[in-house]
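Okay, here's what each chain looks like letter by letter:
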Amino acid sequence: MRALLLALLLAAAPALAIPAKAIVDPREMLPDPAQEERARAIGKELRCLVCQNQSIDDSNAGLARDLRRIVRERVAAGDSNEQVIAFVTDRYGDYVRLTPPLNAVTVALWASPAIVLAFGALAVLAFYRRRRAIAPPPPLTEEERARLARLSAE
Amino acid sequence: MIPELGHFALVLALLLAAAQSILPLVGAARGETRGALLMATGPTTAVAHALFVSLSFGCLMWSFAVSDFSVENVAQNSHSLKPMLYKITGTWGNHEGSMLLWLLILALSSGAVAVFGQNLPATLKARVLAVLGMVATGFLLFTLVTSNPFNRVWPLPEDGQDLNPLLQDPGLAFHPPFLYLGYVGTAVAFAFACAALIEGRVDAAWGRWVRPWTLAAWCALTLGIGLGSWWAYYELGWGGFWFWDPVENASLMPWLLATALLHSAIVVEKREALKVWTILLAILTFSLSLLGTFLVRSGVLNSVHAFANDPERGVFILILLAITVGGSLLLFAWRAPSLEPKGIFAPISREGSLVLNNLLLATSCAVVFVGTLYPLFADLAFGARITVGPPFFNAAVFPVFVPLMVAMAVGPLLPWKRADLWAALARLRLAAAIVLVFAVLYIAAVDRRLLPALGFALALWIVLAAATDLADRIRLGRIPFAESLARARGLPRGIVGGIIAHAAVGICLAGIAGKGIAPERITLMRPGETTTVGPHTLRFDGLRDISGPNWRGTAGTLTLLRDGREVATLSPQRRFYPVQRMSTTEAAIRTSGVADLYAVIGETSEEGQTVVRLHWNPLAPWIWVGTVLMAVGGLVSLSDRRLRVGAPARRRREAAVPAPAE
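Model, not experiment: these values are computed from the prediction.

Trainee: How should I be thinking about helix H20 (residues 493-515) of chain B in this particular structure?
Mentor: Turn by turn, an α-helix covers 3.6 residues, leaving residues three or four places apart pointing in a common direction. Helix length check: H20(B) (23 residues) gives 33 Å between terminal C-alpha atoms against 33 Å at 1.5 Å per residue, within 8%. Judged by how many residues are buried, H20(B) sits mostly within the fold: 19 of 23 residues are covered.

Trainee: How do you make sense of the nonpolar core when you look at a structure like this?
Mentor: Proteins that are soluble and globular tend to have nonpolar side chains buried together. With 211 residues, the main nonpolar core has B:Leu103, B:Ala189, B:Phe192, B:Leu257 and B:Ile462 as its most contacted residues. In this structure B:Ala189 touches B:Val210, B:Trp213, B:Thr214, B:Ala217, B:Leu261, B:Ala282, B:Thr285 and B:Phe286, once residues within four positions along its chain are discounted. In this structure, A:Leu46, A:Cys51, A:Ala64 and A:Leu67 belong to the second largest nonpolar core, which totals 16 residues.

Trainee: What is the right way to look at the domain arrangement of chain B in this model?
Mentor: Buried accessible area, meaning the area lost when the parts come together, often serves as the stated size of an interface. When cut into domains, chain B gives domain 1 (1-163), domain 2 (174-187 + 200-324 + 338-411), domain 3 (412-517 + 623-638) and domain 4 (520-621). Centre-to-centre, using C-alpha coordinates, domain 1 of chain B lies 43 Å away from domain 3 of chain B.

Trainee: Would you explain the confidence of the model for chain B in this entry?
Mentor: All names here are of chain B. Confidence in the prediction for chain B averages 89 pLDDT; 94% of positions are at 70 or higher. Averaged over each element, pLDDT in chain B is lowest for helix H12 (residues 304-309) (49) and highest for helix H21 (residues 620-638) (96). Counted against residues more than four places away or in other chains, residues 646-662, with its pLDDT under 50, gives 13 contacts. As scored by the predictor, the complex reaches a pTM of 0.89 and an ipTM of 0.84.

Trainee: What exactly am I supposed to notice about unusual backbone geometry here?
Mentor: Across the chain, the bulk of peptide bonds are trans and the bulk of non-glycine residues have phi less than zero. All names here are of chain B. Pro155 follows Trp154 through a cis peptide bond whose omega is 0°. Structurally, Pro155 can be placed in the loop between helix H6 (122-146) and helix H7 (170-173). Within the chain, Leu274 stands out as a residue other than glycine whose phi angle is a positive 60°. Looking at the element boundaries, Leu274 is found in the loop between helix H10 (246-271) and helix H11 (275-298).

Trainee: Just to check I follow, could you spell out helix H2 (residues 36-65) of chain B for this structure?
Mentor: Here H2(B) is 30 residues long and its end C-alpha atoms lie 44 Å apart, about the 44 Å a rise of 1.5 Å per residue gives. Among the residues trailing H2(B), B:Ser67 stands out with phi positive, at a value near 50°.

Trainee: Would you mind showing me how to read the packing of H10(B) against helix H14 (residues 350-382) of chain B here?
Mentor: The description of two helices packed together rests on the angle between their axes and the distance between the axes. Residues and elements named next belong to chain B. One way to put it is that H10 packs onto H14 with a least axis distance of 9 Å and a crossing angle of 160°. Regarding the angle of H10 to H14, the classification is roughly antiparallel. Relative to H14, H10 is oriented so that their crossing is left-handed. Here the contact of H10 with H14 is composed, by residue class, of 14 nonpolar, eight polar and two charged.

Trainee: Got a minute to help me understand the packing of helix H18 (residues 450-473) of chain B against H20(B) in this structure?
Mentor: Residues and elements named next belong to chain B. Running from amino to carboxyl end, H18 crosses H20 at an angle of 165°, the nearest separation of the two axes being 8 Å. Between H18 and H20, the angle falls in the class roughly antiparallel. Crossing angle aside, the handedness with which H18 passes H20 is left-handed. Each of Pro452, Gly455, Phe456, Leu458, Ala459, Ile462, Val463, Ala466, Asp469 and Leu470 in H18 lies in contact with H20, whose residues at this interface are Ile499, His502, Ala503, Val505, Gly506, Ile507, Leu509, Ala510, Ile512 and Ala513.

What counts, and at which threshold
- Residues numbered from 1 in each chain as written.
- Chains lettered and ligands numbered in written order.
- Predicted model: local features only at pLDDT ≥ 70, side-chain atom pairs only at ≥ 80, totals over all residues.
- Helix = DSSP H or I, 4+ residues; strand = E, 2+ residues; numbered from the N terminus.
- Expected span 1.5 Å × (residues − 1).
- Buried ≥ 20, exposed ≤ 12 C-beta atoms within 10 Å, placed from the backbone.
- Core = buried A, V, L, I, M, F, W, Y, C linked by C-beta atoms within 7 Å.
- Contact = placed C-beta atoms within 7 Å.
- Domains from an automatic or database assignment.
- pLDDT = per-residue confidence, 0-100.
- Axes fitted to C-alpha atoms, helices over the stretch in contact; angles between N-to-C directions.
- Parallel < 35°, antiparallel > 145°, perpendicular 65-115°, else oblique.
- Left-handed = near helix turned anticlockwise from the far one by under 90°.
- Nonpolar A, V, L, I, M, F, W, Y, C, P; charged D, E, K, R; others polar.

The following block contains the structure:
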C-alpha cells in the first residue's frame, strides 16, 4: 500500500526518491549493546524527514543515516533518551517526532480517544434510557394465553 | 483502435449509469404499478453499464498485454521486457488504471444486484440500483475528465518507463483488486441504506438483504489488507507488517466500520433493533472508503503542497466526496427519525454485547481517523508541522482493543434480549483458568515483557472461548461423540462462520504479539562465518550474481545449520531495475508454520563484508493464517442458506443456547 502511494507520488513529483531498503549498517552500531539498544529505541521515535512516514531506524536515506549517527553520538556522550530527542527536535522541529509531544496544538489529538469513547458511551446510555421509555409489548390476551398453553402442552 | 474502443465504451457506460441513476428512481416514486416500466430500466441499464465498463477495462488490459506504447498510460507504466503477469496486473498499478478497476468492480456489483436481486421488492431494488448508478456516474465522470487511461501519446516512445519494481510482485498484484472489491462492496450496503431511507422502511428482511453484501465486502477487504501487509512483510525488507501509514489507515478505517456494520446488521435482522444506527454505519463505512480513495489519489496527506501539484483530481474527488457524504447524511437526518425503533433488550444481552462491539470498533475507527488527519488539521489550523506516527496509534488504539478482545469472547455466549452475565462467564471458567495458568507460567518461565504476554493471553482467551461456544453448541462430552458430530454438521453456517472468524482473530493476535518478542541480528559477515538468531545458527556462504527479465542483482547464500549439519539454504536477494533506476530487496523467508526465519542482505563493503540482517519471528505466519481464516469464516457464513439470495426460506433456527451446566 505504501508503495502504491509512492508510485503515485512519483508520478506527481519525480524529484521524490524512493528510499532504499533499511538495513542498519553494523558499523554504525555502538560497541555497548545497552547503549545500542537505546539508540535503536530512540531511532524508532524519530522520523526520517525525506521519507514517507518512516522512522530513521527503518530508512536508508542519507539524512536518516546522519541522524542515526547523531543519536549514537549523543547516547555515547551520556545523554538520556529525552535529551537526545530534545537535541534533534531543537534542530528539526516537532515534525521529526513520531510521537507528537503534548502541547497546545496536539492536546485535542491526545484527548481524542477519551473524548470519542466518552461521547460514544453517553450515546449508548441515552439509547438504553430511551429504550426503557418505550412501552413493553402489551401483555398477552386471554385468547393468546390459551393458545400458548395449548402449544406448550403439545 | 482498441484504446479508442475502450474510451468509447467508457463514455457509453457513463450515459448508461446516468440513466440508471434517474429512471428507476422516478419509476419507484410513481409506485409499483405506474412506475413498473421505468423501474424495469434499472436492471437493464445496470447490466449494460457493467458490460461496457468490462469492455473498456478489457481494452486497457489488452493495451498493456501487447505493450501498446502509443497509449500514454501504458508507456508510463509498462515495459516490453516486463513479465506478462505484471504487464496484465500493471493495468491497475497506476492511478488511471486503478480508477478503471474501481469502476469495473462497482459496475459488476450493481450488475450483480440487478441479476441476483430477484427477490427484492421492486421499489427497493430500483432505488438501490439508482443509488449505485449515481455513485458510478460521479466516478465515471471523474475518470473521463481527469484521469482518462486511454490518452494517446505522440511521438511514439521507443519503450515504456516500466512499472515501479515494488509493485512487480504477486502479493501486490492482487492486493488492489481485493481492496477495491471491499471498498466498492461497501457501496452496495450504502445503496441499500439510502434506498431504505427513501423508502422509509427498515425491517428484518432489509437486514437480511444487506448482510451478504456487507459480508462479501468485508471478506474482500480483510483479504486485501492481509495481502498488503504480507507484501510489506516480505518485500519492504525490515520485517514489519503494519506501519500505520496513512494509506494503510485509509483501508483499516472502512474495515473497522464494516466489521461493526456486519455485527449491527445481525441485530437488525434478528431483532429489528439498532436500525437507525446500522443505516448510519452503512453510510459512514462507504464514506470512509471514498475518503480512502481521496486521501490516496490526491496525495493530500503527505503534504498540502503535493495536493496543490495536482489540484484538478483532488478537488474533483473532494467535490464527489462532499456530494456523496453530505447528500446521504442529509437524507439520513431527514428520514431517519421516521424509522420506528423496535425490539427492546437489556444492556446485558447478545444485542447489548453487539452494541459494545459497535461502540469500541467505532471508537477505534475514530481514533485512527483523528490520528491520520491530524497533521493536516494542525498544518491548516495552526500552521504547525507535526507527525503522528506508529507510537501514537499503538498507544491510542491499544486501550480500546483490549476490552474489545475480552468482550468478543463473551458476547456470542449471551442469549438475546436479556442475559445472565455470570452464567455466561461460568461457562468460560475452564477457558479463564487455562488462560490464567498460561499467563503465569509464560511470564515466570519464558519472557517477562508484559505487552506480548497480554497479547498471547488474550489470543488464547479468544480461541478458547470460540472453542467453548462450539463445544457447548454440539454438547461435546455430554452426549455420545457421534451425536455431537451430527450436531456440528447441523449447525447453521452463519454460526460456524462466526466461530471460525472469532477464533481467527485470536490466531492473528497471537501472531502480532509474537512480533513483540522477535529477536533480530544485524551483523557483518564474510563468507564462511556463522551467526545465530533466536534458536537458529546460520552460515554465510557468499554472494553470486543473478538476473531476471528486467532486473539484475545479487543473491546471498545463507545455510541453516542444525548440530553442524546443513538443513536448508536461504537466498535473500538485492535487485536493481535499470529502467526505473531502483533497487529492491527480496527477503528470504523460511517458515515452519509456527515461526519465520527471515533474512535480508545489504551492501558489501570493500573489505568483503556483507551486511546481513536476520529476524526470527515466532508465530508471525499466524498473522496471515488468522487473516485468511477470518475471511474463510466470512465466506462460510455467507454460504448460510438463509443469506443465499433466492434460496427458499427455511424455518429459522433460533440460536439455541443450551442451559449452563449444572
